[in-house]
Amino acid sequence: MRAVPEIAVAFLGDVVGVPGRRAVAHAAGVLRERHGVRVVIANGENARHGSGISPDNYRELRRAAGGAVDAVTLGDHCFRERGILPLLAEPGEPISRPANLAAAAPGKRIIRLAPPSSPPLYVLTVLGRLFMTLHPDSPFAAIDRELTLIPEPDAVVIVEVHAEATSEKQAVAWHCLGRWSSPGAARVVAVVGTHTHVQTSDARVLDRRLAAMTDLGMCGPHRSVIGRSVSAVLEAMVNQGPAHLDVASDDVRAQGCVITIDTGDGRATAISAFDIPTPD
């Protein structure tokens, strides 16, 4: 009986500010050493003071002492820090913006990774359209377009849906499952959600092929309101007064999931959530 050529991939939820970057540096090492993870991906769009990402933030994630992040994805704040634009345009840098922005928007739409002794792994992010401040193109059409542009038929693809609505994230997963058996095409093996910063408990493998999870959660301070100071958020919400929503600092944890992929058959075999505390 042949050995199954499996690879474990970790995808970390939204990285929020300094605490989030510290959480990722610790968790990446734990995931590699204790869980056999070979590829680590993180959504870094809140890495700079809770909104956007700078070149220094990106390099910090990529060179984390505990275990470097292999790829960084972005969401609706992808252009908040304009200094990141040259890195987004650089072909050799594994950082991308959402694929369903305007065709003329700067930056790469997809990331290609080449794990040793494994088929290529592509990472693709789309923005949701429900309740979002940006007005992106159809995430479904963008996924279909990008899949047709992947040249390797044995490639596996992870799709990230950066969106508010759970229904939209689930719909994208079912859409990608419907494309799973397309002949001669790269296969989507996982669809994971980000943006809401609250980890969901619905990690599952659809039809024994595609791993899905509505939201990965957040890397950052969990004694907070989705990463922001509790007192500042209450001032803004309860009193409707002006408040600077500082990033909080306590109960720092990294959340996300580990996806196990059978690269020989192009399918996910398992997905499990994690919640890793960060030492003080």
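Scroll up for the structure.
Residues numbered from 1 in each chain as written. Predicted model: local features only at pLDDT ≥ 70, side-chain atom pairs only at ≥ 80, totals over all residues. Heavy atoms only, no water.

## Concerning the sheet that holds strand β6 (residues 110-113)
Counted only if it meets this: For two strands to count as paired, DSSP must find a minimum of two bridges between them. Under the scheme used here, helices are H or I runs from DSSP no shorter than 4 residues and strands are E runs no shorter than 2 residues, and both carry numbers assigned from the N terminus. Simply put, an axis is a line fit to the C-alpha atoms, just over the touching stretch for a helix, and the angle between two N-to-C directions goes from 0 to 180 degrees. Should any heavy atoms of two residues lie within 4.5 Å, those residues are considered in contact.
Strand order across the open sheet formed by six strands is β6-β7-β8-β9-β11-β10, with mixed pairing between neighbours. Taken across any chain shown, the strands that pair with only one partner, and hence form the sheet edges, are β6 and β10 (204-206). On average, each strand axis in the sheet is tilted by 20° relative to the strand beside it, whichever way the strands run. Relative to strand β7 (residues 121-127), β6 runs antiparallel, the two sharing four bridges. Considered in β7, the bridge of R112 is made with Y122. Against the sheet, helix α4 (residues 139-149) touches β6, β7, β8 (156-162) and β9 (187-194), its axis set at about 160° to β7. In this fold helix α5 (residues 166-178) packs onto β8, β9, β10 and β11 (210-213), with an angle of close to 175° to the strand it touches most, β9.

## Focus: the nonpolar core
The following threshold applies: Here the nonpolar core consists of buried residues drawn from Ala, Val, Leu, Ile, Met, Phe, Trp, Tyr and Cys, with membership extended through side-chain atoms lying within 4.5 Å. Three labels apply to residues, based on accessible area from a 1.4 Å probe with only protein chains included: buried if under 20% of the type maximum, exposed if over 50%, partly exposed otherwise in between.
With 36 residues, the main nonpolar core has L12, I53, V72 and I95 as its most contacted residues. The set of elements that each furnish at least two residues to this core consists of β1 (6-12), α1 (17-35), β3 (39-43), α2 (55-62), α3 (85-89), β13 (252-262) and β14 (267-277). In terms of residue count, the dominant contributor to this core is α1 (six residues). Once residues within four sequence positions are removed from consideration, L12 is found in contact with V24, A27, V40, I41, A42, N43, L216, C219, A254, Q255, G256 and F274. The next biggest cluster of nonpolar side chains, apart from the first, holds 25 residues, and it includes L147, A186, V188 and A212.

## Thoughts on the packing of α4 against α5
Helix-helix packing is characterised by the crossing angle of the two axes and by the distance between the axes. To be explicit about the condition: Each helix crossing is assigned a hand: it is left-handed if the near helix lies turned anticlockwise from the far helix by less than a right angle, otherwise right-handed if that turn is clockwise. Residues are grouped as follows: Ala, Val, Leu, Ile, Met, Phe, Trp, Tyr, Cys and Pro are nonpolar; Asp, Glu, Lys and Arg are charged; every other residue, Gly included, is polar.
Running from amino to carboxyl end, α4 crosses α5 at an angle of 30°, the nearest separation of the two axes being 10 Å. Read as a crossing pair, α4 and α5 show a hand that is right-handed. The residues of α5 that touch α4, namely those facing P139, F140, I143 and D144, are E168, A171, V172, H175 and C176. Here the residues of the contact of α4 with α5 sort into six nonpolar, one polar and two charged.

## Some points on the pattern of salt bridges
Here is the rule: For salt bridges, the criterion is a side-chain nitrogen of Lys or Arg within 4 Å of an Asp or Glu carboxyl oxygen.
Counted according to the given criterion, the structure contains 11 salt bridges. A salt bridge links R32 to D70; the shortest N-O distance between them is 2.7 Å. With a gap of 38 residues between them, R32 in helix α1 and D70 in the loop between α2 and β4 (71-73) connect regions that are remote in the sequence. Residue R32 is classed as partly exposed on the basis of its relative accessible area, which comes to 26%. The partner of E146 in a salt bridge is R109, and the shortest N-O contact between them spans 2.6 Å. Taken together, the residues span a long stretch of sequence, with E146 in helix α4 and R109 in the loop between β5 (95-96) and β6 at a distance of 37 residues. With a relative accessible area of 3%, E146 lands in the buried category. Given a relative accessible area of 30%, R109 falls into the partly exposed group. Several salt bridges converge on common partners, so that one network encompasses R109, R145 and E146.

## With respect to the pairing of β3
Within β3, five of the five residues are buried, which leaves the element mostly enclosed by the surrounding structure. The alternating pattern of β3 places V39, I41 and N43 on one face and V40 and A42 on the opposite face, and all of these are buried. The sheet contact formed by β1 and β3 spans four bridges and is parallel. Its bridge partner lying in β3, V9 is registered against V39. Note that β3 and β4 share three bridges and pair parallel. Across the sheet, N43 pairs through a bridge with T73, a residue of β4.

## Remarks on the side chain of H77
Formally: Polar contact is defined as a pair of N or O atoms within 3.5 Å, subject to the rule that within protein one atom must be able to donate a hydrogen and the other to accept it, and that residues adjacent in sequence are counted only when both atoms are side-chain atoms.
Here H77 lies in the loop between β4 and α3. The exposure class assigned to H77 is buried, which follows from its relative accessible area of 18%. Among the polar contacts listed, one links the side chain of H77 to the side chain of R80, at a separation of 3.0 Å. With sequence-adjacent residues up to four places away left out, H77 is seen in contact with E45, N46, S51 and G52.

Function cannot be inferred from these measures alone, as they are strictly geometric.
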